[in-house]
Amino acid sequence: MAKDKSDDVGALQHIIIVARYELLKHLRRKRLLAVFVIAALAGLLLIVVPYALNVALPKDAKSWASTFFSFANSLIVIVGAFFAGDAISSEYEHKTGYMLFPNPVKRTSLVLGKFAAAFISALLPIGFYYALGAGGLLGIYGVISWEIGASFLYALLYLLCVLGLTFLFSSLLKSSMAATLLSFFMFIFILSIVSSVITLAGVEPWFMPNYAAGSTTQVINPQKDAVMEFQGSSLKIYQFYPKFPASIIVQAAYLIVALALSIVITNRKEMT
Amino acid sequence: MEAIVTEGLTKNYGKILALSDLNLKIDTGHCVGFLGPNGAGKSTTIKILCNLIRPARGKAFINGHDANTESTSALKNVGALVETPEFYNYLNPVEVLSYFGKLRGMTDPDLKQRIQQVLEIVKLSEWSNTRIGKFSRGMKQRLGIGQAILHDPPILILDEPALGLDPRGMYEMREIIKTMVKEGKTAFLASHMLHEVQETCDQVALLDKGKLLAYDSISNLETLFKARKIHVDLLRPLKPTEIDRIRKMEKVKTVTAEEKSLVINIDGTEADQAQLLTMLVKEMGAPVASFRPSMEALEDVYLQLIKEGN
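Residues numbered from 1 in each chain as written. Chains lettered and ligands numbered in written order. Predicted model: local features only at pLDDT ≥ 70, side-chain atom pairs only at ≥ 80, totals over all residues. Heavy atoms only, no water.

Enquirer: Can you explain the interface of chain B and chain A? Please cite residues and give values.
Expert: Counting residues at the interface gives 39 residues for chain B and 38 residues for chain A. Across the chain B/chain A interface, buried area totals approximately 3,600 Å², and carbon plus sulfur atoms make up 57% of it. Interface area lost by chain B to chain A is led by Leu52, Tyr90 and Leu103 of chain B, which between them contribute 19%. Here chain B is connected to chain A by two salt bridges. Between Glu270 of chain A and Lys11 of chain B there is a salt bridge; the shortest N-O distance is 2.9 Å. Counting across the chain B and chain A interface gives 13 residue pairs in polar contact (both at pLDDT 80 or more). Of all the secondary structure elements, the ones that give two or more residues to the side of chain B that touches chain A are strand 1 (2-13), helix 2 (71-76), strand 6 (78-81), helix 3 (93-103), helix 4 (108-121) and helix 5 (137-149) of chain B. (Contact = heavy atoms within 4.5 Å. Buried area = accessible area lost by both parts, 1.4 Å probe. Salt bridge = Lys/Arg side-chain N within 4 Å of Asp/Glu carboxyl O. Polar contact = N/O pair within 3.5 Å; in protein donor to acceptor, adjacent residues only side chain to side chain. Helix = DSSP H or I, 4+ residues; strand = E, 2+ residues; numbered from the N terminus.)

This is the structure:
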């Protein structure tokens with residue numbers, strides 16, 4: 001007869017087991033296919049449409065790459081919301097937690113396992129988009145530089161940050177749809193509006209995660225802060241660009257705080 | 001040794017008192033039925049034992065481990081089925097059982113063999129590779145029982161295990177529990193199905209409005225509440241004089257005759273029951289076809305206690 005050996009199963013092993021079965025979920029759902037289609041369409045549009053419409057391409061590869069990879073941040077928000085929105089909330093909403101939680105596993109391991117699976121799943125379409133961009137660069141300009149790799153690493157950091165915050169929403173809310181939409185609108189609209197208002201006031205929004213995410217293009221095509229003044233008017237338009245140590249620290253801080261809060265909430269949340 | 005202990009367990013949902021100072025001690029090797037009407041606090045108790053919710057006051061222990069502060073040690077020995085089971089629709093039964101088995105530290109060779117066994121026990125072998133999204137409620141219930149017994153736990157905690165099962169499924173579920181109890185395991189079974197509990201359990205805890213009304217063996221409760229009922233089937237109807245003779249017997253409270261059957265309410269022990277049978281057969285020459293305790297007895301105790309509680 002099989003014996004219960006859960007004492008022998010460490011937290012790390014639990015995380016790996018949870019991650020494996022969560023990955024299976026992501027691989028079997030249509031969401032992964034959907035984000036691959038979005039990534040492919042966006043990439044191909046940026047590569048093919050200029051040729052089709054006979055639009056002049058930027059002269060230098062850096063400008064083109066900067067434009068191409070600026071969409072990566074939007075793609076990250078989409079995959080983050082898709083893969084993490086229901087990670088915790090669905091256990092409560094669909095009552096699968098009644099089966100999962102009575103196992104001798106710490107909820108911290110469950111959250112970390114689910115987080116690992118969401119990260120790996122989201123990595124696939126993001127990696128695919130970067131591969132498309134690298135292919136485009138080689139095909140159009142015949143060059144590829146280390147900055148693309150650095151941009152990819154910044155993209156992964158932003159992905160972790162988005163996943164962390166989405167996990168927080170997922171542990172706070174009972175509805176998977178609400179958590180997914182909140183995450184999506186938070187990054188696409190709310191944070192963008194707040195960052196724009198702060199910038200208009202002449203303050204650099206260095207503490208905003210979506211602003212810090214600009215590192216993905218800043219590393220490819222660095223820009224300097226600028227202030228545009230209009231003659232005869234007191235109106236000033238500020239343009240700020242993320243600075244490297246700060247943007248890394250800000251995104252890492254959001255990830256750590258949000259994920260830690262998500263773990264605390266999941267540990268405390270009752271399955272009534 | 002006590003498998004499950006609750007000490008002053010109290011739980012509120014807002015202003016609603018779901019459980020009030022519940023004290024229970026369940027010895028190893030017993031099957032205890034946890035009876036009560038809807039909202040009595042049965043599921044709340046089970047959820048506390050499974051660390052799904054926390055008590056406002058009091059403690060719950062499983063094999064001596066605090067169910068809330070030492071949940072992993074406590075749940076290690078438990079196979080649980082809480083509420084209507086819902087599974088991940090994208091997995092099939094083999095994958096679900098592998099997932100939960102691995103979380104419990106079962107190795108692949110152990111799991112492979114045990115999953116086959118369990119699927120045979122719960123009669124889901126032919127559905128082993130079908131996605132659970134296509135399962136009926138009864139099939140999910142069977143799988144829920146399967147995951148509860150997968151690791152051969154010493155303690156089973158089941159919340160309405162017969163829910164959604166057909167009569168054959170109910171019988172098989174009862175047999176699974178009886179077999180486990182015979183092997184020295186403990187079962188704690190919440191239900192409103194009195195017949196189910198009477199068939200499966202040797203003890204009952206009666207709960208209403210969060211309060212424990214009674215906790216004893218079924219036989220003791222029947223005696224205590226003078227609710228022992230005997231159902232007698234006869235080959236011919238008894239004459240009124242014969243029925244009167246039974247009524248006049250010591251310990252017999254009431255006799256209800258209906259064509260070729262009698263329901264005798266007896267205020268006595270099993271020995272008095274034996275004496276009654278002897279009198280019917282030997283002294284009166286009544287053609288007794290069957291003589292069995294009525295399933296209504298526990299129902300009488302239950303209704304009496306709930307009424308008193310109100």
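Enquirer: Go over helix 1 (residues 42-49) of chain B with me, naming the residues and quoting the values.
Expert: All names here are of chain B. The element helix 1 is largely enclosed, with a buried count of seven among its eight residues. Listed as buried for helix 1 are Lys42, Thr44, Thr45, Ile46, Lys47, Ile48 and Leu49. Directly after helix 1, the chain includes Asn51, whose backbone phi takes a positive value near 60°. (Buried < 20%, exposed > 50% of the residue type's maximum accessible area, 1.4 Å probe, protein only.)

Enquirer: Tell me about the pattern of salt bridges, and please be specific about residues and values.
Expert: All names here are of chain A. Scanning all chains against the criterion turns up 25 salt bridges over all chains. Measuring nitrogen to oxygen at the nearest pair gives 2.7 Å for the salt bridge that ties Lys114 to Glu91. Residue Lys114 is found in helix 6 (residues 107-141), and its partner Glu91 is found in helix 4 (residues 89-93); the two are separated by 23 residues along the sequence. Using a relative accessible area of 1% as the deciding quantity, one classes Glu91 as buried. For the salt bridge of Asp225 with Lys243, the shortest nitrogen-to-oxygen distance reads 3.0 Å. In this pair, Asp225 sits in the loop between helix 10 (215-218) and strand 1 (226-229) while Lys243 sits in the loop between strand 2 (236-239) and helix 11 (244-268), placing the two residues 18 residues apart along the sequence. Taking the relative accessible area as the measure of exposure, Asp225 reaches 37% and is therefore partly exposed. Assessed through its relative accessible area of 34%, Lys243 is described here as partly exposed. Salt bridges sharing common partners tie together Glu22, Lys25, Glu91 and Lys114.

Enquirer: Explain helix 3 (residues 61-84) of chain A to me, and be specific about the residues and the numbers.
Expert: Compared with the 34 Å implied by 1.5 Å per residue over 24 residues, the 34 Å span of helix 3 of chain A between its first and last C-alpha is a close match. Across the 24 residues that make up helix 3 of chain A, a large majority, 17, are buried. (Expected span 1.5 Å × (residues − 1).)

Enquirer: Describe the environment of Pro240 of chain B, listing the residues and the values that go with them.
Expert: On the secondary structure map, Pro240 of chain B appears in helix 9 (residues 240-247). Put simply, Pro240 of chain B and Ala257 of chain B are 17 residues apart on the chain and 9.3 Å apart in space, counted from C-alpha to C-alpha.

Enquirer: Let's hear about the sheet that holds strand 12 (residues 252-258) of chain B: which residues, and what values?
Expert: What links the strands of a sheet is backbone hydrogen bonding, and the strands pair in either a parallel or an antiparallel sense. Residues and elements named next belong to chain B. Strand order in the open sheet formed by four strands is 12-13-11-14, with antiparallel pairing between adjacent strands. The open sheet has two edge strands with one neighbour each: strand 12 and strand 14 (288-293). The average undirected angle you get between the axes of adjacent strands in this sheet is 15°. Two strands pair when backbone bridges link them, and strand 11 (residues 228-234) and strand 14 are joined in this way by five bridges, in the antiparallel orientation. Looking at strand 14, one finds that Ile230 is bridged to Pro293. (Pairing = 2+ DSSP bridges. Axes fitted to C-alpha atoms, helices over the stretch in contact; angles between N-to-C directions.)

Enquirer: Residues and numbers for the packing of aromatic side chains, please.
Expert: Residues and elements named next belong to chain A. Per the counting criterion, the structure on display carries 23 aromatic pairs over all chains. Within the aromatic cluster, the residues linked to one another by ring pairs are Trp64, Phe68, Phe69, Phe71, Tyr129, Tyr130, Tyr141 and Phe152. Directly above the ring of Phe101 sits Arg107, whose terminal nitrogen or CZ lies 4.2 Å from the centroid. Geometry around Tyr92 places Lys269 over its ring, the cationic atom sitting 4.5 Å from the centre. (Phe/Tyr/Trp six-rings, centres within 6.5 Å; stacked < 30°, edge-to-face > 60°. Lys NZ or Arg CZ within 6 Å of the ring centre and 35° of its normal.)

Enquirer: Mind laying out the environment of Tyr51 of chain A, listing which residues take part and the relevant values?
Expert: All names here are of chain A. Position of Tyr51 among the secondary structure elements: in helix 2 (residues 30-52). Taking the C-alpha atoms as reference points, Tyr51 and Val264, separated by 213 residues in sequence, lie 52 Å from one another. For Tyr51, the residues in contact, after removing those within four places along its chain, are Leu57 and Ile140.

Enquirer: Kindly report on the pairing of strand 7 (residues 155-159) of chain B, identifying the contributing residues and their values.
Expert: Residue and element names in this part refer to chain B. Buried residues dominate strand 7, accounting for five of its five residues. The two faces of strand 7 match: Ile155, Ile157 and Asp159 on one face and Leu156 and Leu158 on the other face are all buried. Here strand 7 runs beside strand 8 (residues 186-191); their pairing, made up of five bridges, is parallel. Note that in strand 8 the partner of Asp159 across the bridge is Ala190.

Enquirer: Provide a residue-level description of the packing of helix 3 of chain A against helix 7 (residues 146-172) of chain A, including the pertinent values.
Expert: Residues and elements named next belong to chain A. Contact geometry for helix 3 and helix 7: axes closest at 9 Å, N-to-C directions at 25°. The orientation of helix 3 relative to helix 7 falls into the category roughly parallel. The handedness of the crossing between helix 3 and helix 7 is right-handed. Taken together, the residues of helix 7 that come into contact with helix 3 (itself represented by Lys62, Ala65, Phe69, Asn73, Ile76, Val77, Val79, Gly80, Ala81 and Ala84) are Glu147, Ile148, Ser151, Ala155, Tyr158, Leu159, Val162, Leu163, Thr166, Phe167 and Ser170. Class assignment for the residues of the contact of helix 3 with helix 7 results in 14 nonpolar, five polar and two charged. (Parallel < 35°, antiparallel > 145°, perpendicular 65-115°, else oblique. Left-handed = near helix turned anticlockwise from the far one by under 90°. Nonpolar A, V, L, I, M, F, W, Y, C, P; charged D, E, K, R; others polar.)

Enquirer: Pulling in residues and values, what's your account of a nonpolar patch on the surface?
Expert: Residue and element names in this part refer to chain A. Taken together, the side chains of Met177, Leu181, Phe185, Phe189, Ile190, Ile193, Val194 and Val197 define a hydrophobic patch exposed on the protein surface, amounting to about 720 Å² of accessible area. Tracing the backbone through its elements, the reader meets Ile190 in helix 8 (residues 176-200). For Ile190, a relative accessible area of 39% gives the class partly exposed. (Patch = residues over 30% accessible without salt bridge, like charges linked within 9 Å, V, L, I, M, F, W, Y side chains within 5 Å. Areas by Shrake-Rupley, 256 points an atom, 1.4 Å probe, with all protein chains shown as cover.)

Take it as geometry only, folks, not as evidence of what the structure does.
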